[in-house]
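Residue-level structural notes
One letter stands for each residue in the lines below.
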Amino acid sequence: MILNGRAGTAGYQANRLRENYAHRSLKKASILLLPVLLLILFASGCAGSLGKTSVQTTQSASFQLTPGTLKFGTVPIGKQTAQTISMVNPTRYTLNITQAALSNAQFVMSGMTVPMPLAPGQTKNFSVAVNPAAVGDVHGTLTVQGDSGSSPIVVDLSATGMTPQPKISLSTNAVDFGTVGIGSQGSASIIVSNAGGSDLTISVISMNGAGFTASGLTTPKTISAGQAATLGLSFRPTAVGADLGTIAISSNDPAAPSASISLTGTGSAAPVGQLSSSPASLSFDNVAAGSSTTQQLTLSNTGNGPTQISSVSITGTGFSVSGITAPSTLNASQTLPLTVKFNPATAGTVTGILTVVSNANGSPLKIALNGSAVQAGLSVTPSTFDFGSVVDGQTKSQAIILTNTGTAALTIAQLSVNGAAYTLSGLNTPATLAPGKNTSVNVLFAPKTAGSLPGGLSIASNAPTSPTAVSFAGTGVAASVTMTPSPASVSFGSISAGSSASQNVTLTNNGNSAVTISQVSVSAKDVKVSGITMPLTLNAGQKAAMTLTFTPASSETVTGSVSVSSSQGASTVVPLSGSAVQPMLSVTPATVSFGSLSTGATNSQTIQVSNSGTGTLTISQVSVAGSGFGTGSLNLPIVLGAGQSSTFNLQFSPTSAGSVSGSASIISNAPNSPSAIALSGAGIASTQTLSFSTRSLSFGSVNDGGSSTQSVSLSNTGNSNVTISQISLTGSSFALSGASTPVTLAPSQSLTLGVLFSPTTAGNLIGAITVVSNATGSPATITLSGTGVANVSHSVLLTWTASTSSVSGYNVYRSSTSGSGYVRVNGGLVASVNFTDSPVQNATTYYYVTTAVDSGGNESSYSNEAQASIP
């Protein structure tokens with residue numbers, strides 16, 4: 001590539017230079033391709049067919065829950081409602097139900113104790129109940145997990161809590177007494193029940209209608225939820241003819257605050273029989289299921305004629321009647337006693353009617369019967385228990401919770417345990433539990449032989465499931481005793497003589513029986529044991545810690561051991577080792593002279609500290625005495641191993657003229673602590689002097705629109721810092737660079753200012769730089785001058801031969817000094833082989849070179865240099 005240059009538009013032809021240019025080849029861009037590794041697996045070498053792969057499938061056990069969701073509907077707050085879930089194992093594999101968890105505490109579960117085995121095809125039932133705590137929707141989940149690879153099952157639970165309300169219920173809303181003789185009395189009864197969830201209060205019973213009366217229920221009357229009361233009615237006509245009446249019952253039932261009953265009857269003057277019952281109804285409360293109770297009632301002929309009783313019948317499960325054989329005749333005013341028996345088979349509420357059919361007016365006579373049967377229930381938690389493995393001679397206990405889940409008192413008559421390894425405690429029989437209450441019995445497993453030891457508990461009670469069985473499993477394990485130390489050996493390492501080091505050793509009984517530590521002995525110089533008191537018994541798996549302390553009095557190396565013995569014959573030995581070392585402090589230099597220093601200035605000296613001993617040296621404190629003396633940045637403590645060194649600085653900052661002496665004290669764990677360093681120095685008066693490389697700058701002639709730059713240096717020639725607070729410039733054609741203030745110059749330090757002269761008009765131009773500082777003679781002035789010359793535009797046309805390599809373009813560089821200082825003048829790459837540099841400064845000689853650039857951005861070296869002189 002050969003570069004030619006010529007001056008253009010001013011009419012001046014520059015010397016055209018042609019030189020052979022030994023063009024250097026462009027650096028080639030190197031593209032690194034990352035290899036992609038493909039791994040191909042193939043079979044080779046043997047002839048024949050591939051063998052078949054055998055795939056085995058294993059069926060996992062699983063279980064099912066029915067139903068999959070439980071919806072309890074609306075449930076009064078505080079009233080627990082339960083539903084039953086069936087769990088079945090439909091597979092041919094036995095599995096264990098290992099976990100059953102409820103996500104909401106308002107739901108409770110009963111009848112399941114985990115772990116619970118579930119044999120193939122077996123079905124077991126358990127209950128989930130809800131007891132809402134507040135009004136609103138209640139949601140939760142029941143998650144049941146089994147083993148043998150079975151998947152967990154989640155049952156969604158929901159209910160709506162409502163405020164409990166009373167609800168009145170009447171056995172009938174109309175009573176017809178039929179025909180009753182004048183002077184006679186007809187009787188009837190109505191059962192008033194509370195079908196709601198909270199107390200029903202009967203506040204007022206009002207009646208109208210001649211001859212009708214009510215009895216047996218005094219207001220205000222409170223009827224608990226699920227209970228009932230009997231209201232007796234009578235009709236005694238005083239005249240012949242039909243009579244009508246009503247009864248109004250006011251209560252706190254929000255849905256029916258007033259209930260009414262219509263009454264009808266007819267008075268007759270003819271002699272007529274009239275049957276009535278005393279009492280008008282019978283109520284059998286809280287009768288134990290399976291037992292019976294009786295009550296008496298009296299049939300009376302309150303009419304004025306005989307009554308023929310043709311039949312007596314009774315309805316309601318568990319009710320029966322005796323004392324009468326039909327047909328039978330009751331004369332006027334005659335009575336007949338009857339016995340009603342209630343013999344419930346199961347718990348619950350039963351209603352019935354005793355019906356007496358006769359020829360009396362108002363026949364049939366119906367006598368309301370109400371009975372509530374209660375029954376004890378027994379729930380045992382857990383129903384099975386595995387005590388696991390227990391060492392012979394040791395024991396493990398488990399509480400068995402007995403809960404009365406019924407409505408009658410539960411009588412636990414007898415507890416009996418089988419299995420020689422099992423005993424019972426905690427409950428004396430017979431024992432009685434009220435409904436909802438629970439008690440516990442403790443089962444103790446104390447094996448005396450090794451092997452599987454099954455057992456069981458039998459509970460005899462008045463619950464229908466009696467006797468209830470609880471099965472136990474447990475395994476006796478032969479006793480063993482071992483003691484293991486951790487760590488197995490103790491090394492105290494190297495410590496300083498006169499100090500001490502401690503380490504803890506943990507003794508673990510890794511056997512399955514208790515071990516009693518009877519003795520701990522130490523056979524190592526300057527080592528003592530503490531933290532353990534004998535005799536000490538460790539149960540299986542239990543740990544005890546002891547502390548070993550090494551306190552050497554002098555430099556030494558110690559080996560030995562600690563022996564631990566037990567009453568059972570087991571023992572262990574812990575090897576010991578340790579050594580004592582001594583640090584020693586060496587300080588270089590031992591004395592420091594800072595020489596003469598101006599006041600306000602600072603001088604530093606480096607101090608080297610070395611550990612010439614065998615132990616670790618710790619320098620904890622460095623203190624300095626004497627005016628003007630101090631330390632540099634110092635991080636304490638300084639810790640040095642044997643043979644190690646470190647450094648820190650001591651400083652001298654005199655505040656007044658004159659000689660000063662002092663000292664530095666180094667405190668360490670070395671025996672020669674504290675170590676002292678003598679300090680000396682002298683303060684001299686400070687001077688601030690600012691010198692200038694020139695006090696005037698002349699820029700000569702510069703074309704308008706052109707510029708020229710010169711510099712001036714400001715030097716601190718005193719012995720103290722000089723702070724330049726302000727550097728200002730006058731003269732519109734001049735500009736400053738490097739003049740940011742404030743700036744502080746240390747002694748001998750300089751600041752260089754750049755001054756730019758850029759005339760915009762022709763003629764002589766002047767300016768000045770003013771420097772304000774704390775130096776003597778401030779402020780100081782530097783005068784500026786220059787001449788603006790009318791601008792004549794010049795340009796330089798450059799041409800060159802093309803590169804023989806493949807290039808993307810060229811760069812053009814210019815300098816006012818031959819051979820150096822080249823600056824690129826083109827913006828983007830020049831695509832052609834010519835370039836015009838415009839404008840250029842008159843009366844100036846320029847030197848040009850070019851480079852070639854390839855597609856990778858690599859640039860060649862400079863071409864030959866071309867010169868252009870501008871007039």
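Please read these numbers as outputs of a predicted model, since none were measured by experiment. (Residues numbered from 1 in each chain as written. Predicted model: local features only at pLDDT ≥ 70, side-chain atom pairs only at ≥ 80, totals over all residues. Heavy atoms only, no water.)

Quick word on the overall build of the protein chain
Note the threshold: Secondary structure elements are taken from DSSP: a helix is a run of H or I of four residues or more, a strand is a run of E of two residues or more, and numbering for both begins at the N terminus. We take the radius of gyration over the C-alpha atoms and set the globule estimate at 2.2 Å times the residue count to the 0.38 power. Here, two residues are considered to be in contact whenever any of their heavy atoms come within 4.5 Å of each other. Where accessible areas are quoted, they stem from the Shrake-Rupley method and a 1.4 Å probe; at the residue level, only the protein chains shown are allowed to cover. Within this scheme the basic residues Lys and Arg register as positive and the acidic residues Asp and Glu register as negative, but His and the chain ends are omitted. By convention, charge coordinates are those of NZ in Lys, CZ in Arg, CG in Asp, or CD in Glu.
Secondary structure summary: the protein chain contains 0 helices and 71 strands in total. In terms of C-alpha radius of gyration, the protein chain reaches 58 Å, well past the compact-globule figure of 29 Å for 871 residues. Taking the principal axes of the C-alpha coordinates as reference, the protein chain spans close to 165 × 95 × 90 Å. Sequence-distant contacts, at least 24 apart, represent 68% of the contacts inside the protein chain between residues at least 6 apart. Carbon and sulfur atoms provide 50% of the accessible area of the protein chain, an area that totals close to 42,800 Å². Each charge class in the protein chain can be summarised by its mean position, and for the 25 positive and 18 negative side chains these summaries are 6 Å apart.

With respect to the sheet that holds strand β15 (residues 212-215)
Put simply, the rule is: DSSP bridges decide pairing: two strands pair if at least two such bridges lie between them. Fitting a line to C-alpha atoms yields each axis, with helices limited to the stretch in contact; the angle taken between N-to-C directions then spans 0 to 180 degrees.
Sheet architecture is open: 4 strands sit in the order β11-β13-β17-β15, paired in antiparallel fashion. The sheet is open, and its two edges are formed by β11 (168-170) and β15, each paired on a single side. In this sheet, neighbouring strand axes are inclined to one another by 25° on average, regardless of whether the strands run parallel or antiparallel. Bridge count between β11 and strand β13 (residues 186-194): 3 bridges; the pairing is antiparallel. Residue Ile168 lies in a different strand from β13, and its bridge partner there is Asn194.

What about the pattern of salt bridges?
Note the cut-off: The working definition used for a salt bridge is a side-chain nitrogen of Lys or Arg within 4 Å of a carboxyl oxygen of Asp or Glu. Burial classes follow relative accessibility: with a 1.4 Å probe on protein chains only, a residue under 20% of its type's maximum area counts as buried, one over 50% as exposed, and anything between as partly exposed.
Inspection of the entire model under this criterion finds 3 salt bridges. Between Asp526 and Lys525 there is a salt bridge, and its shortest N-O distance comes to 3.3 Å. You can call Asp526 partly exposed: its relative accessible area is 27%. Between Asp837 and Arg814 there is a salt bridge whose closest N-O contact spans 2.8 Å. Taken together, the residues span a long stretch of sequence, with Asp837 in strand β69 (residues 834-840) and Arg814 in strand β67 (residues 809-815) at a distance of 23 residues. Here Asp837 falls in the buried class, since its relative accessible area comes to 6%. By relative accessible area, which is 25% here, Arg814 ends up partly exposed. Look at the salt bridges and you will find they share partners, linking Lys525, Asp526 and Glu556 into a network.

Some details on the environment of Ala270
With respect to the element layout, Ala270 can be found in the loop between β19 (258-268) and β20 (275-278). Taking the C-alpha atoms as reference points, Ala270 and Leu650, 380 residues apart in sequence, are found 141 Å from one another.

Thoughts on the sheet that holds strand β58 (residues 696-703)
The strand order β58-β65-β64-β60-β62 describes an open sheet built from 5 strands, whose pairing is mixed. In this open sheet, the two edge strands, each paired with only one partner strand, are β58 and β62 (743-745). Strand-to-strand twist in this sheet, taken as the mean axis angle between neighbours without regard to direction, amounts to 30°. One ladder, built from 6 bridges, connects β58 with strand β65 (residues 780-789); its direction is parallel. Residue pairing for β65: Ser698 is matched across the bridge by Ser785.

Quick word on the packing of aromatic side chains
This is how it is decided: Centre distance within 6.5 Å is the pairing criterion for rings of Phe, Tyr and Trp, where only the six-membered ring of Trp is used; planes under 30 degrees apart are then read as stacked, over 60 as edge-to-face, and the remainder as tilted.
Per the counting criterion, the structure on display carries 22 aromatic pairs. For the ring pair Phe387 and Phe472, a centre distance of 5.9 Å and an interplane angle of 75° mean the geometry is edge-to-face. Pair noted here: Phe387 is in strand β30 (residues 384-391) and Phe472 is in strand β38 (residues 468-477), with a separation of 85 residues, a long-range link. By the burial criterion, Phe387 is buried, and Phe472 matches it. When the ring of Tyr846 is compared with that of Tyr848, the centres are 6.4 Å apart and the planes differ by 45°; the resulting orientation is tilted.

Observations concerning the confidence of the model for the protein chain
Quick reminder of the rule: Summary of the metric used: pLDDT quantifies the predictor's per-residue confidence within the range 0 to 100.
Confidence in the prediction of the protein chain, expressed as mean pLDDT, is 85, and 93% of residues score 70 or more. Here strand β1 (residues 3-7) stands out as the least confident element of the protein chain, with mean pLDDT 53; β67 is the most confident, with 95. In this model, residues 6-59 is a region of pLDDT below 50 whose contacts with residues beyond four sequence positions or in other chains number 66 contacts.

Notes on the side chain of Asp243
Along the polypeptide, Asp243 turns up in strand β18 (residues 241-251). Of the side chains with opposite charge, Arg236 lies nearest to the buried Asp243, which makes no salt bridge, at 11 Å. Asp243 has contacts with Ala210, Phe212, Phe235, Pro237, Leu263, Thr264 and Gly265, leaving out every residue within four places of it along the chain.

Re unusual backbone geometry
Put simply, Thr429 and Pro430 share a cis peptide bond, and its omega is 0°. With respect to the element layout, Pro430 can be found in the loop between β33 (422-425) and β34 (431-433). Looking along the chain, the bond that leaves Ser466 and enters Pro467 is cis, with omega of -5°. Positive phi values are uncommon outside glycine, yet Asn286 reaches one of about 50°. One can find Asn286 in strand β21 (residues 281-288). Notably, Asp526 is not glycine yet its phi reads approximately 65°, a positive angle. Relative to the elements of secondary structure, Asp526 occurs in the loop between β42 (515-523) and β43 (527-530).

Topic: the environment of Ser696
Along the chain, the position of Ser696 falls in strand β58. Along the backbone, Ser696 and Ile782 are 86 residues apart, and their C-alpha atoms lie at a distance of 5.1 Å. When sequence neighbours within four positions are dropped, the list of residues in contact with Ser696 reads Ile782 and Thr783.

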